[in-house]
Amino acid sequence: MMELFDFIQQLFTDYTSRTIGLGTIVLGIVSGVLGSYAVLRRQSLLGDAIAHAALPGIAITFLILGVKDSLFFLIGAIITGVIGTLWIMGITRFTKIKTDTALGIILTVFFGFGIVLLTLIQQMDNANQAGLEDYLFGQAATLMEEDVFIMASLGGLSLLVVGIFWKELKLLTFDPQYAKTLGFNTRFLDVLITSLIVIAIVLGLQTVGVVLMSAMLLAPAAAARQWTNKMGVMIILAAFFGALAGITGTAISASMANMSTGPTIVMVAVTLVVLSFIFSPIRGLLSRKIRELKSRKTLRKSKTLSVMYQVAINHENYDHPHSFQLLNNFRGFHKSCIRELRNEGYIAVTPDKQWKLTKKGFEEAQNLYVQKNE
Amino acid sequence: MQKPYAIEVNDLTVAYRFKPVLWDIDLKVPEGVLMGIVGPNGAGKTTLIKAILGIVKPVAGSVYIYGKPYHKNRSRVAYVPQRGSVDWDFPTTALDLVLMGSYGRLGWIKRPGKKERQGAHEALEKVGMLDFKDRQISELSGGQQQRVFLARALLEDAQVYFMDEPLQGVDATTEKAIINILKELGKAGKTVVVVHHDLQTVPEYFDWVTFLNVKKIATGPVKEIFHDDNLAKTYGINFQISEATQS
Amino acid sequence: MSAPQIEIQIIAVVVSTACAIPGTFLVLRKMAMISDAISHSILPGIVVGFFITQNISSPILVLFAALTGLLTVLLVESVNKTGLVKEDTAIGLVFPAMFSIGVILISRFAGDVHLDTHAVLVGELAFAPFDRLTVNGNDLGPKSLWVMGSILLLTLILLFAFYKELKLSTFDAQLAASLGFTPVVIHYGLMTMTSITAVGAFDAVGAILVVALMIVPASAAYLITKSLKKMLLLSVGLGITAAVSGYWAAHWVNASIGGSMATMLGIIFFLVFMFAPSTGMISVLMRRRRQKLEFAMLTFLLHLKNHQQKADSIEEQMVEHLTGHFRWSRSKAGKVLQMAEKNDMIRIDNDVVDLTEKGEQFAGEAMHYIITNKNTEPENIWNKFIMFR
């Protein structure tokens, strides 16, 4: 795509593109890092509710101010996000309604209210209102220098806090009860990390939009998890995947007309997840399948060798040749293994197409027999 | 002056939504004792440990460790939770898990350094898991996971240990290894309290036992109080030791 | 009221009724999130179906899109089976991905045709009267009314036909299975109906509002009644109320009808949440405060009964004991003593605190109840002994 390459080129030359590019990279990194905590703490769905609940906050802020102001929009989003969260907690604590249901209620109700406000604003004769609809599905092209500045500062601050409380947050996520016994204030840490996750969500709303931000929070982390078993590495990888999805998605949507950035970024991120699911060497489905096939093959070889052993020991010489036909009557015999067994030196084939056990093969089969009957 | 009890619990009452789970528990455990806590399901054994450690808030009661209120003497206490209380799919290695045991002494923000890593290696060796230090914890067997949990607590170098069903679902070798470590702790003057799931092995493993069923039925040296009468009071009228040892 | 206005309201009523019924079962079966998931995942199905049929209200499209929803549910289940991510993460990825695909398809290929990114979220009921069903030149009314009406009819038929099975498998899945009603069939049947309803309603109310109409009235009803029949009726009633009032509110301020309906649902839910008798937050808070004090008093009385130490009976010392051993604040200790005295459970004579006979009896009965019946609240004992509840 000519326009795609144009965009990437422009990233380095054009000021606006640079700003946008930087913004999406910052977003990706912050989403990746804090999203890892959201995933590990099973707060995935909460992120969705908070993102949707942010919409009325942004709309109300606009109604109050009359102009678009990223910082105040952020604050408005956080406020309604927090109100929504408190209400969710209230519902789960005081009624028999389950968390999932409560999330769904808050999500849809707050969002619906936000839409009402949006349509109200549409009727106002205010030239500034055009940008608000972009908060639904995101539009990275609207990122200004001050927006990126806010994202970078708040995002950077959040990452700094994560770095400072690294071990505490890790402990809290893995074993909060144990953390309590060590004397750590788990309430404080809980509030801290949840707040940081809220900030990460709200920072991404301009780029990815309220409807899809939660997926942007989860996908880089889900992908990263497949490549490592160490939390530190996972978080760094998630940051990288997030940035990659951010910049790639933005580039793709910029080169197409009428395309919101939210859905494209999410699709790139989800693609990364799918690729990780399949191709990761440690957890991936492909390597799982390969390992399965390998072990099945090994099992078949052992069985075949055992069968041959059974035949061989009935003769006074273990290496007396026998016909292959003979083996067909035995269960556990697999013709496909013969070549491998020969290559590995366990059996030999005589010129007149008969098989016999080698010394190596005999000893190996003996070992297997002993092991099996231990 | 009389030496304070290693663990002293007074009038501990815990309720969940106003349904009592533990009632008026009094416990005085002297130093160096290896004590098992037994009782039927739902008797409140895990709740007792959690209430003592402040994980669960009691309706009433107080806990003292060596004469001081528990929350002022945390550094002297180590905890091994139930194995099922964490998600073992969490991305961390055995060594990293054990290292968490040093977090308490490090306090806020400070990171574990060489000294702590050294300690973690030693703790892993003590439980026979040094070879697995870089293994992802989900790849460990139940018994191995339990040992790693124990190593984490050992790293805390505490004087009082609370363990919740550490022998539940582990293989025979691990069970023997853990009991040996506990007995060594006892010999070193540490006090160990274990919620135990298997009545049969109580006389063999523990010096003291506490019978619990919402209320404390009895507590004391196994030789004195581990008999049919207390068993009946805890588990029900027709329960007898002979039944327990036969099954 | 003009004809289109009436038609819009009728459609709104039909849609909310059709959504409230499966929604009730979803809430009871604790599967509310599935409705959110399905409503997101059917979008690409709808778009593709629309491309094929060029007709947003075609029944083929409805079926096709519903299948997409069902398939996505199966997809999530198979992702779960791999164990590579936790269930909530799987849901949080699959459905936004499906939705993104749908949005991308719309933006690229259907930019100006009836579907737009705004409408997919909250629909556009205002247009519904203008899309009419004409047969042989006769105007039979708005298409969405026909589509939604048929879906509602189907829902009602299935509801009446399988009421017993639905009720049983929702409240006692094990019993249902042992009696031979396959809960699996019911489950997937419910999923399918949810999908079909979501698709049918999609045009009128969009993805987010479909979810709201399914789960919010049902949740509010859940807080008010325990009977399935009443809950169904109440959900439908509340849904209709929100739909009609939402319409008029939107009409008044000239805002999105769908969003307005969702807002009304929110207000209704909030009111129920706060003020529902016995289950509303205010009732619960008041009740809990009382229960806490009563329970503390019981603890205190049992303590007296067990220890009976004369030395500690002096009230001041008793307060010391409470704050020391029990670790209660002075005010809490004071309140407990006051309550105990008011109810004639203790006697304070010359600074000496003693259990009365009534107090002993109460303590004894409560203790016995605690040991033997741990799982039920001893409300009758409480009521027997304690006044001013």
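Before any of the text, the structure's been laid out above.
Residues numbered from 1 in each chain as written. Chains lettered and ligands numbered in written order. Predicted model: local features only at pLDDT ≥ 70, side-chain atom pairs only at ≥ 80, totals over all residues. Heavy atoms only, no water.

Digging into the interface of chain C and chain A
So, point 1. Contact residues are listed per partner, giving 55 residues for chain C and 56 residues for chain A.
So, point 2. Around 4900 Å² of area is buried between chain C and chain A when both sides are counted, 75% of it from carbon and sulfur atoms.
So, point 3. Summed over the shared surface of chain C and chain A, the result is 0 salt bridges.
So, point 4. Linking chain C with chain A are 10 residue pairs in polar contact (both at pLDDT 80 or more), by the criterion used here.
So, point 5. Top element by residues in the side of chain C that touches chain A is helix H4 (residues 87-109) of chain C. It accounts for 13 residues.
So, point 6. Grouping the constituent residues of the side of chain C that touches chain A by class yields 32 nonpolar, 16 polar and 7 charged. (Contact = heavy atoms within 4.5 Å. Buried area = accessible area lost by both parts, 1.4 Å probe. Salt bridge = Lys/Arg side-chain N within 4 Å of Asp/Glu carboxyl O. Polar contact = N/O pair within 3.5 Å; in protein donor to acceptor, adjacent residues only side chain to side chain. Helix = DSSP H or I, 4+ residues; strand = E, 2+ residues; numbered from the N terminus. Nonpolar A, V, L, I, M, F, W, Y, C, P; charged D, E, K, R; others polar.)

Some points on the sheet that holds strand S2 (residues 19-29) of chain B
Two modes of strand pairing occur in sheets, parallel and antiparallel, and in both the strands are linked by backbone hydrogen bonds.
Residues and elements named next belong to chain B.
So, point 1. Sheet architecture is open: 4 strands sit in the order S2-S1-S4-S5, paired in antiparallel fashion. Bordering the open sheet on either side are S2 and strand S5 (68-69), each of which pairs with just one other strand.
So, point 2. As judged from the 5 bridges shared by strand S1 (residues 7-16) and strand S4 (residues 60-65), these two strands associate in the antiparallel manner. From the neighbouring strand, Ile7 faces S4, where its bridge partner is Ile65.
So, point 3. This element, helix H1 (residues 45-52), spans S1, S2 and S4 of the sheet and lies at about 115° to S1. (Pairing = 2+ DSSP bridges. Axes fitted to C-alpha atoms, helices over the stretch in contact; angles between N-to-C directions.)

Let's talk about the environment of Leu140 of chain B
Residues and elements named next belong to chain B.
So, point 1. Note that Leu140 resides in the loop between helix H4 (114-126) and helix H5 (142-155).
So, point 2. On a C-alpha basis, the gap between Leu140 and Lys176 in space is 18 Å, while along the polypeptide they are 36 residues apart.
So, point 3. Every residue in contact with Leu140, bar those within four places of it in the chain, is listed here: Ala94, Met129, Phe132, Arg135, Gln145 and Val148.

Brief notes about helix H3 (residues 44-65) of chain A
Residues and elements named next belong to chain A.
So, point 1. Helix length check: H3 (22 residues) gives 32 Å between terminal C-alpha atoms against 32 Å at 1.5 Å per residue, within 8%.
So, point 2. Counting buried positions over the 22 residues of H3 gives 18, a clear majority of the element.
So, point 3. At the C-terminal side of H3, Gly66 shows a positive phi close to 85°. (Expected span 1.5 Å × (residues − 1). Buried < 20%, exposed > 50% of the residue type's maximum accessible area, 1.4 Å probe, protein only.)

Regarding the nonpolar core
So, point 1. Membership of the largest hydrophobic core comes to 290 residues, with the highest contact counts inside it found for Tyr37 and Leu205 of chain A, Phe162 of chain B together with Phe99, Leu125, Val205 and Phe269 of chain C.
So, point 2. Phe300, Phe326, Trp328 and Phe362 of chain C belong to the second-largest nonpolar core, a separate cluster that totals 30 residues. (Core = buried A, V, L, I, M, F, W, Y, C linked by side-chain atoms within 4.5 Å.)

Section: a nonpolar patch on the surface
Residues and elements named next belong to chain A.
So, point 1. There is a patch of nonpolar side chains on the surface, built from Ile60, Ile64, Leu65, Val67, Leu71, Phe72, Ile75, Ile79, Ile83 and Phe113 and spanning about 850 Å² of accessible area.
So, point 2. Elements with a minimum of two residues in the nonpolar patch: H3 and helix H4 (70-94).
So, point 3. With 5 residues, H4 is the largest single contributor of residues to the nonpolar patch. (Patch = residues over 30% accessible without salt bridge, like charges linked within 9 Å, V, L, I, M, F, W, Y side chains within 5 Å. Areas by Shrake-Rupley, 256 points an atom, 1.4 Å probe, with all protein chains shown as cover.)

Observations regarding the interface of chain B and chain C
So, point 1. With 22 residues of chain B in contact, the opposing surface of chain C contributes 26 residues.
So, point 2. Note on chain B versus chain C: buried area summed over both sides is about 2000 Å², and carbon and sulfur give 59% of it.
So, point 3. The tally of links from chain B across to chain C stands at 2 salt bridges.
So, point 4. A salt bridge links Asp89 of chain B to Lys86 of chain C, with the shortest nitrogen-to-oxygen separation between them at 3.3 Å.
So, point 5. The interface formed by chain B and chain C includes 3 residue pairs in polar contact (both at pLDDT 80 or more).

All quantities given are derived from atomic positions and should not be read as evidence of function.
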